[in-house]
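# Chains, contacts and geometry: an overview
Okay, here's what each chain looks like letter by letter:
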Amino acid sequence: MQQAHHWINTHFGAIHHNTPFLSLPAVLETASKVFGPQTHADPRAQHDDLALLYSILALGSLREQTYDSQTKRYRAIRKPLGFDELPATSPLSAASLPSFHSRTTAQCLFRLAQDELESIDQPSEIAVQALFVLHTFISNTSMGRRSRDYVARAIMMAHELGLNRQIPVDLFQPKRIKQDKHEARRRSMLYLYVYFSDV
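In what follows, the accompanying structure is described. (Residues numbered from 1 in each chain as written. Predicted model: local features only at pLDDT ≥ 70, side-chain atom pairs only at ≥ 80, totals over all residues. Heavy atoms only, no water.)

The contact between helix α5 (residues 125-139) and helix α6 (residues 147-161) brings their axes to 8 Å, and the two run at 165°. It follows that α5 is roughly antiparallel to α6 by the angle criterion. Here α5 runs over α6; the crossing is left-handed. Contacts from E125, A127, V128, L131, L134, H135, I138 and S139 of α5 reach α6 at S147, Y150, V151, R153, A154, M157, A158 and L161. Among the residues making up the contact of α5 with α6, the classes are represented as 11 nonpolar, 3 polar and 2 charged. (Axes fitted to C-alpha atoms, helices over the stretch in contact; angles between N-to-C directions. Helix = DSSP H or I, 4+ residues; strand = E, 2+ residues; numbered from the N terminus. Parallel < 35°, antiparallel > 145°, perpendicular 65-115°, else oblique. Left-handed = near helix turned anticlockwise from the far one by under 90°. Contact = heavy atoms within 4.5 Å. Nonpolar A, V, L, I, M, F, W, Y, C, P; charged D, E, K, R; others polar.)

Okay, here's the thing in structure tokens:
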């Protein structure tokens, strides 16, 4: 759990400017379901929540692997991050989480996020977020040309969900209007980030 928190904090501290639509409390809640003590672990975490969590962990791990916070410089990855030769993975648990120093940690987490996305039956905003984070991950590796696949899939899912359309406001419920504005802002931000990534 401590390592997962470290990578989540790395993402939200150093990379979050690229994903302002993410909710830290929601990500931490999913992490506690997956990596918390067995008495509190919740096996019912949804595939889209897991895909988002693993993609954030992958990006946080990649940042740790490639950026030296003391010298404030990026360091080269000795072995290119290629995904075709990755071994098959099993569901991630605290015990099976790869070593922090493993060169394939980010790759394994990336693959876990991919596997969870493949298990999603219905489109969701969280899945769109996960696809965008995976696009960001891929853009920062030697496999950058594949990032368009994730953006294209995210755009199709965003249109399916109607993220490009305005949410109707219920004028008879003032509390709901405030919630609607916050939700509309988040949805618009997510859609615009995904849309303008497709260039």
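Looking now at the pattern of salt bridges. What the rule picks out here adds up to 4 salt bridges. With a shortest N-O distance of 3.9 Å, K33 and E29 are connected by a salt bridge. Taken together, the residues K33 and E29, both in helix α2 (residues 24-35) and 4 residues apart, mark about one turn of the helix. The exposure class of K33 is partly exposed, given its relative accessible area of 24%. When its relative accessible area of 47% is taken as the criterion, E29 is described as partly exposed. E118 is paired through a salt bridge with R153; the nearest N and O atoms lie 3.2 Å apart. Pair noted here: E118 is in helix α4 (residues 105-118) and R153 is in helix α6, with a separation of 35 residues, a long-range link. Overall, the relative accessible area of 58% leaves E118 in the exposed class. (Salt bridge = Lys/Arg side-chain N within 4 Å of Asp/Glu carboxyl O. Buried < 20%, exposed > 50% of the residue type's maximum accessible area, 1.4 Å probe, protein only.)

Okay, the environment of S119 next. On the secondary structure map, S119 appears in the loop between α4 and α5. Put simply, S119 and Q46 are 73 residues apart on the chain and 9.7 Å apart in space, counted from C-alpha to C-alpha.

Time to look at the nonpolar core. Residues I8, L53, Y54, I56, L57 and L117 are the most contacted members of the largest nonpolar core, which totals 47 residues. Contributing elements (two or more residues each) for this core: α1 (2-15), α2, α3 (47-66), α4, α5, α6 and α7 (174-197). Looking at this core element by element, the count peaks at 10 residues for α3. Apart from residues lying up to four places away in sequence, L53 is in contact with I8, V27, T30, A31, V34 and F35. (Core = buried A, V, L, I, M, F, W, Y, C linked by side-chain atoms within 4.5 Å.)

Let us look at the packing of aromatic side chains. Applying the stated criterion across every chain yields a total of 7 aromatic pairs. On the basis of an interplanar angle of 75° and a centroid distance of 5.6 Å, the ring pair of F21 and F132 is categorised as edge-to-face. One end of the pair, F21, is in the loop between α1 and α2; the other, F132, is in helix α5, and 111 residues separate them in sequence. For F132, a relative accessible area of 3% puts it in the buried group. Seen in terms of ring centroids, F110 and F137 are 5.1 Å apart; in terms of plane orientation they differ by 25°. Their pairing is stacked. With F110 in helix α4 and F137 in helix α5, the pair connects residues that are 27 residues apart, well separated along the chain. Each member of the pair F110 and F137 is classed as buried. (Phe/Tyr/Trp six-rings, centres within 6.5 Å; stacked < 30°, edge-to-face > 60°.)

Helical periodicity: at 3.6 residues per turn, an α-helix aligns residues three or four positions apart in one direction. Compared with the 20 Å implied by 1.5 Å per residue over 14 residues, the 20 Å span of α4 between its first and last C-alpha is a close match. The buried fraction of α4 is high, at 12 of 14 residues. Along α4, the positions that sit buried rather than exposed are T105, A106, Q107, C108, L109, F110, R111, L112, A113, Q114, E116 and L117. Residues of α4 that are buried sit in contact with α1, α3, α5 and α6. (Expected span 1.5 Å × (residues − 1).)

Everything listed here is a matter of geometry and, on its own, says nothing about what the molecule does.
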